Amino acid sequence: LVLWHRWLPRRADETREPIAVAAWRRTVSARLAAGGGEVVPAIGAAIVATFDPDESADAVEIALDLLDEADAADIDVALAAALGVVHAHEDGPLGDAFERAQQLANRARAGELVLDAHVRDAVREQFLFGRQVAGAWRGTTVDRDNPRRVETADAIADLPVARFPPAGAVKLAAGGRA
C-alpha cells in the first residue's frame, strides 16, 4: 500500500509556512514510520510511505489521525492511498500504486483521505465512505464525520424500534375500506 501525504499551501502567510511545513513533515514522517510504514525520501512537502497490504486498515487509521492533527494545528493537508505492486529500484521504489496515490492526493480537498478501489475494497468492513473522486483513476473519500463502521453500528443499535400503524388502520383513517 502506498500512502501519499500532500500539504496544501495557503497564500496568506507565506513567511510562517516553511517553518511550519518542516516541523509538520518531521511529525508525519515519524508517525508513518512508527506505524509500520517505510518512508520514501521526501519530494517537496509531499511525504510518501509504503505499508504491507495486510496493514491497510492500520494505514487508514494513521491517515485519519494525521488529518485530525492537521485540523487541530490549522494545517491543510490531503492524503491518498493506493494498493499495487511496488518494485525496488536503485533510484527508489516504483510502481503504479505511486502514480495512483499521487493522482488521487492531487484531486483531494483539504482534510480528505482518498482511497483507490483496491484499498476501499480491503477496508470496507472497517470504514464508511464519502464522495467519489473522478479522473483518470477514480477514488472514494473516507467519511470524516463518521469514518469507523463499528462506531456507527453501535449508534444504530441504540436507536429505538420504529412503530408503524397497521396498514388497514391507515386506510380506514383515510376514509377507505380495509
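Residues numbered from 1 in each chain as written. Predicted model: local features only at pLDDT ≥ 70, side-chain atom pairs only at ≥ 80, totals over all residues. Heavy atoms only, no water.

J.: What's the story with the overall build of the protein in this structure? I'm lost.
T.: When its secondary structure is counted, the protein shows six helices and seven strands. Starting at the N terminus, the α and β elements of the protein follow one another as β-α-β-β-α-β-α-β-α-β-β-α-α. Looking at the protein as a whole, 36% of its 178 residues are labelled buried. By sequence separation, contacts in the protein at least 24 residues apart represent 61% of the contacts at least 6 residues apart. Working note: accessible area of the protein is about 10400 Å², and carbon and sulfur atoms make up 54% of it. (Helix = DSSP H or I, 4+ residues; strand = E, 2+ residues; numbered from the N terminus. Buried < 20%, exposed > 50% of the residue type's maximum accessible area, 1.4 Å probe, protein only. Contact = heavy atoms within 4.5 Å. Areas by Shrake-Rupley, 256 points an atom, 1.4 Å probe, with all protein chains shown as cover.)

J.: What am I meant to see in unusual backbone geometry here?
T.: Most peptide bonds take the trans configuration, and most residues that are not glycine carry a negative phi. Unlike most non-glycine residues, D74 shows phi in positive territory, near 60°. Along the chain, D74 turns up in the loop between helix 2 (56-72) and strand 4 (77-82). Overall, D74 belongs to the partly exposed group, its relative accessible area being 46%.

J.: So what exactly am I meant to see when it comes to the pairing of strand 2 (residues 38-43) here?
T.: The side chains of a regular strand alternate, residue by residue, between the two faces of the sheet. As paired strands, strand 2 and strand 3 (residues 46-50) are joined by four bridges and run antiparallel to one another. Bridge pairing in strand 3 places V40 opposite V48. Hairpin connection from strand 2 to strand 3: two residues lie between these consecutive antiparallel strands, with G44 at a positive phi of about 60°. (Pairing = 2+ DSSP bridges.)

J.: Sorry, what's going on with a negative patch on the surface here?
T.: A cluster of like negative charges, contributed by D52, D54, E55 and D58, occupies part of the molecular surface. Secondary-structure assignment places D52 in the loop between strand 3 and helix 2. According to the relative accessible area criterion, D52 is partly exposed, its value standing at 42%. (Patch = residues over 30% accessible without salt bridge, like charges linked within 9 Å, V, L, I, M, F, W, Y side chains within 5 Å. Salt bridge = Lys/Arg side-chain N within 4 Å of Asp/Glu carboxyl O. Lys, Arg positive; Asp, Glu negative; His and termini not counted. Charge placed at Lys NZ, Arg CZ, Asp CG, Glu CD.)

J.: Got a minute to help me understand the nonpolar core in this structure?
T.: L3, L32, V60 and L113 are the most contacted members of the largest nonpolar core, which has 30 residues in total. Of all the secondary structure elements, the ones that give two or more residues to this core are strand 1 (2-7), helix 1 (17-34), strand 3, helix 2, strand 4, strand 5 (113-116) and helix 4 (117-123). The element that contributes the greatest number of residues to this core is helix 2, accounting for eight residues. Those residues within four positions of L113 in sequence are excluded, and the remaining contacts are L3, V60, A63, L64, L67, L79, A80, T140, T141 and V142. (Core = buried A, V, L, I, M, F, W, Y, C linked by side-chain atoms within 4.5 Å.)

J.: Would you mind showing me how to read the side chain of S56 here?
T.: Among the secondary structure elements, S56 is positioned in helix 2. A residue is classified by how much of its surface remains accessible, and S56, at 3% relative accessible area, is buried.

J.: It is not clear to me how the environment of L113 should be interpreted in this structure. Could you clarify?
T.: On the secondary structure map, L113 appears in strand 5. Assessed through its relative accessible area of 1%, L113 is described here as buried. For the pair formed by L113 and L67, sequence separation is 46 residues and the distance between their alpha carbons is 8.1 Å.

J.: It is not clear to me how the sheet that holds strand 5 should be interpreted in this structure. Could you clarify?
T.: Strand pairing in a sheet takes place through backbone hydrogen bonds and is either antiparallel or parallel in direction. Read across the open sheet, the seven strands follow the order 2-3-1-4-5-7-6; overall the sheet is mixed. The outermost strands of the open sheet, each flanked by one partner alone, are strand 2 and strand 6 (129-133). Adjacent strand axes in the sheet meet at a mean angle of 25°, parallel and antiparallel pairs treated alike. (Axes fitted to C-alpha atoms, helices over the stretch in contact; angles between N-to-C directions.)

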